[in-house]
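Each chain, written out:
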Amino acid sequence: MKDFLRELGIQEVNSGVSTGVFLEAPSGKEIESVEPSTGKVIARVRTAGGEDYEQVVAACDNAFQTWRMLPAPKRGEVVRRLGEELRRYKKPLGALISHEMGKIRTEGEGEVQEMIDIADFAVGLSRQLYGNTMHSERPLHRMYEQWHSLGIVGIITAFNFPGAVWAWNSMIAAVCGDTMIWKPSSKVPLTAIAVQRICDRVLAEAGHPGVMALAIGSSKDVGNKLVNDRRVPLISATGSCRMGAQVGTAVAQRFGRSLLELGGNNGIIVLDDADLDLATRGILFGAVGTAGQRCTSTRRLFLQKGIAKDLTARLVKAYQSVKIGDPLEAGTVMGPLIDKGAVDEFLAAIETIRKQGGEILTGGKVVDRPGFFVQPTLVKANPRMEIVGEETFAPILYVFQIDDLEEAIRLHNGVRQGLSSAIFTRNLQAAERFLSHAGSDCGIANVNIGTSGAEIGGAFGGEKETGGGREAGSDSWKFYMRRQTNTINWSSELPLAQGVEFGGS
Ligand code: UN1
């Protein structure tokens, strides 16, 4: 067992269920966490089954009764301590994320930094859960709105950000006075267990165990129960569009609230006047970073005809020098895909690309070594290729040549997803056009930086089939609270709104 695993309290066999304390023997089946760069088992996890889920809900419900009555800035103080512990464990946690998910070390540590950042943000937010006051149309009346805690939040996270996406939700939900149940991807259970251990300790010390609970398990044993549970007013789910459609529909049927952060099909437009060094680096990080397994990964590239040849050549060269290997080793630029299923999907996509008339400029193959490695792949594509409309969670980038910005925006917006987008240009008018109402239709639109690697301060999420949710910064916190409008009459009369007269004097 590696040192960083021991430091985080990971054992050969771990409980995957915590109500504030880990259950000793959860009754679901045992699963394995597999290291994607070798295919070897890291450790095993006992998942939630039978009545375990009920225990978790009961603990969260119980914790909610007292947590919501704690003043928000005091809740912020608890979150501050969580942030401090995350700082303390940044290195081992970052290493675990790399080990279990396959992203390179700097990205693993970057992910923990993202968790720390959102904790800091949430601490400040705990004193800024502002409501409006408005002037009543009636004399001697006061109107205002306030924000109340919502209840239990179900947080369903994907394998690719095994810590950060949970933190975006949970740190904010915590200062909002909610409690939460985390159902992480079964592909990365150890990261969730390590994070939960830290939370359990901090929350127990603060006297509020059960504010953050964990239920690792299958869709049947945990996912479906959570999504259909009327005691859980908000489900925040990250994953594929297909998963989101199921979750969104189920939650809507019980009039719950869902916050969906689903697939992206993110494009970068590069105009003739762009700084090509900058563009090359931005594209490389966006398309090859995290082995193309971010929802914000760059998947489509629109190159204006004047620079298309030059930039394509630069990219081919850069792609061929990407160092592929063990994500924990210094100098590695691209790690593995998450599992064999992902490699199969990559290979199926390559076959479809060929059938649909795409030309593989570089890559397209599996790397011959243990683990789940593939080559970063650049494809000369045409707009008739249907596969370009799909999100393949792998490092495949489709390159198109465009005549002008108008054509680029039309093609760019012509897909069902709407998460992130970017333009590289030095032309102010073109940049502003891209950011305007008639420009990118995505939730995120950038100038002279790539599509991925957003900071936590902004609201994160996208339009269309990306699901419409917004997480992390700005005013995303409003999703996690319920709004109440209050009117107070401090006169001795009872004037009605809109001048309505009713009954006697
Ligand atoms: C995701 O892939 O689900 O902007 C989230 C980014 C990261 C988060 C990605 N901060 O790429």
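Just so you know, these numbers come straight off a predicted model, no measurement behind them.

So, about the side chain of T362. By the element assignment, T362 lies in strand β14 (residues 359-362). A polar side-chain atom of T362 sits 3.2 Å from a polar atom in the side chain of Q320.

Take the packing of helix α4 (residues 90-101) against helix α7 (residues 189-205) next. Their axes nearest at 9 Å, the elements α4 and α7 cross at an angle of 160°. Between α4 and α7, the interaxial angle falls into the category roughly antiparallel. Remark: the crossing between α4 and α7 carries left-handed chirality. Facing α4, whose interface residues are L93, L96, I97 and E100, α7 presents P189, L190, T191, A194, V195 and I198. Here the residues of the contact of α4 with α7 sort into eight nonpolar, one polar and one charged.

Turning our eyes to something else, we now look at the site of the ligand. Looking at the ligand, the residues that line it are E114, N160, F161, W168, E261, R294, C295, T296, S452, G453, A454 and F460. Here a nitrogen atom of the ligand and a side-chain polar atom of E114 are 2.9 Å apart. Residue G453 places a main-chain N or O atom 2.8 Å away from an oxygen atom belonging to the ligand. Computed on the free molecule, the ligand has an accessible area of 320 Å², of which 99% lies beneath the protein chains in the complex.

The terminal C-alpha atoms of helix α3 (residues 72-88), which comprises 17 residues, lie 25 Å apart, in line with the 24 Å expected from a rise of 1.5 Å per residue. Of all the positions in α3, only A72, R75, G76, V78, V79, L82, G83, E85 and L86 are classed as buried.

Turning to its location among the elements, V415 is positioned in the loop between α13 (405-412) and β17 (417-418). In this structure V415 comes out as buried when scored by relative accessible area, which is 12%. V415 sits 61 residues away from S476 along the chain, and the two C-alpha atoms are 25 Å apart. Beyond its immediate sequence surroundings of up to four residues, V415 is in contact with N265, R300, V388, G389 and K464.

Moving on: the pairing of strand β18 (residues 420-424). Burial within β18 is extensive, with five of its five residues counted as buried. With burial as the criterion, each face of β18 is covered, one bearing S420, A422 and F424 and the other bearing S421 and I423. Two elements, β18 and strand β19 (residues 444-447), share four bridges in a ladder whose sense is parallel. For S420, the partnering residue across the bridge sits in β19 and is I444. Taken together, β18, helix α14 (residues 428-435) and β19 form a β-α-β motif whose crossover is right-handed.

Strand order across the open sheet formed by seven strands is β14-β15-β16-β13-β12-β18-β19, with mixed pairing between neighbours. Two strands bound the open sheet, and with one partner strand each, they are β14 and β19. When strand polarity is set aside, the average angle formed by the axes of neighbouring strands in this sheet is 25°. Two strands pair when backbone bridges link them, and strand β13 (residues 298-304) and strand β16 (residues 396-402) are joined in this way by five bridges, in the parallel orientation.

This next bit is on unusual backbone geometry. The backbone of T290 shows a phi angle near 55°, a positive value even though the residue is not glycine. Tracing the backbone shows T290 in the loop between α10 (276-288) and β13.

Before going further, it helps to examine the side chain of N266. Along the chain, N266 falls in strand β12 (residues 266-270). According to the relative accessible area criterion, N266 is buried, its value standing at 0%. Here C295 takes part through its backbone oxygen, which lies 2.8 Å from a polar atom of the side chain of N266. Among all residues touching N266, those that are not within four sequence positions of it are C295, T296, S297, T298, R299, R300, L419, S420 and T451.

Approximately 260 Å³ is the volume found for the second largest pocket. Lining the second largest pocket are 14 residues, and of these A308, T312, K380, V399 and Q401 sit closest to its centre. Those elements giving two or more residues to the lining of the second largest pocket turn out to be α11 (305-320), β14 and β16. Of the residues forming the lining of the second largest pocket, the biggest block, four residues, is contributed by α11. By residue class, the composition of the lining of the second largest pocket is seven nonpolar, three polar and four charged.

Considering the arrangement of structural elements, one finds G151 in the loop between β6 (141-149) and β7 (152-156). For the pair formed by G151 and Y480, sequence separation is 329 residues and the distance between their alpha carbons is 8.6 Å.

Rules of the game
- Residues numbered from 1 in each chain as written.
- Predicted model: local features only at pLDDT ≥ 70, side-chain atom pairs only at ≥ 80, totals over all residues.
- Heavy atoms only, no water.
- Helix = DSSP H or I, 4+ residues; strand = E, 2+ residues; numbered from the N terminus.
- Polar contact = N/O pair within 3.5 Å; in protein donor to acceptor, adjacent residues only side chain to side chain.
- Axes fitted to C-alpha atoms, helices over the stretch in contact; angles between N-to-C directions.
- Parallel < 35°, antiparallel > 145°, perpendicular 65-115°, else oblique.
- Left-handed = near helix turned anticlockwise from the far one by under 90°.
- Contact = heavy atoms within 4.5 Å.
- Nonpolar A, V, L, I, M, F, W, Y, C, P; charged D, E, K, R; others polar.
- Near = heavy atom within 4 Å.
- Areas by Shrake-Rupley, 256 points an atom, 1.4 Å probe, with all protein chains shown as cover.
- Expected span 1.5 Å × (residues − 1).
- Buried < 20%, exposed > 50% of the residue type's maximum accessible area, 1.4 Å probe, protein only.
- Pairing = 2+ DSSP bridges.
- Right-handed = clockwise from strand over helix to strand, strands pointing away.
- 1 Å grid on protein atoms, 1.4 Å probe; cavity = no way out; pocket = protein on both sides within 12 Å on 5 of 7 lines; lining within 4 Å.
- Points joined across faces, edges and corners; volume = space filled by probe spheres on them.

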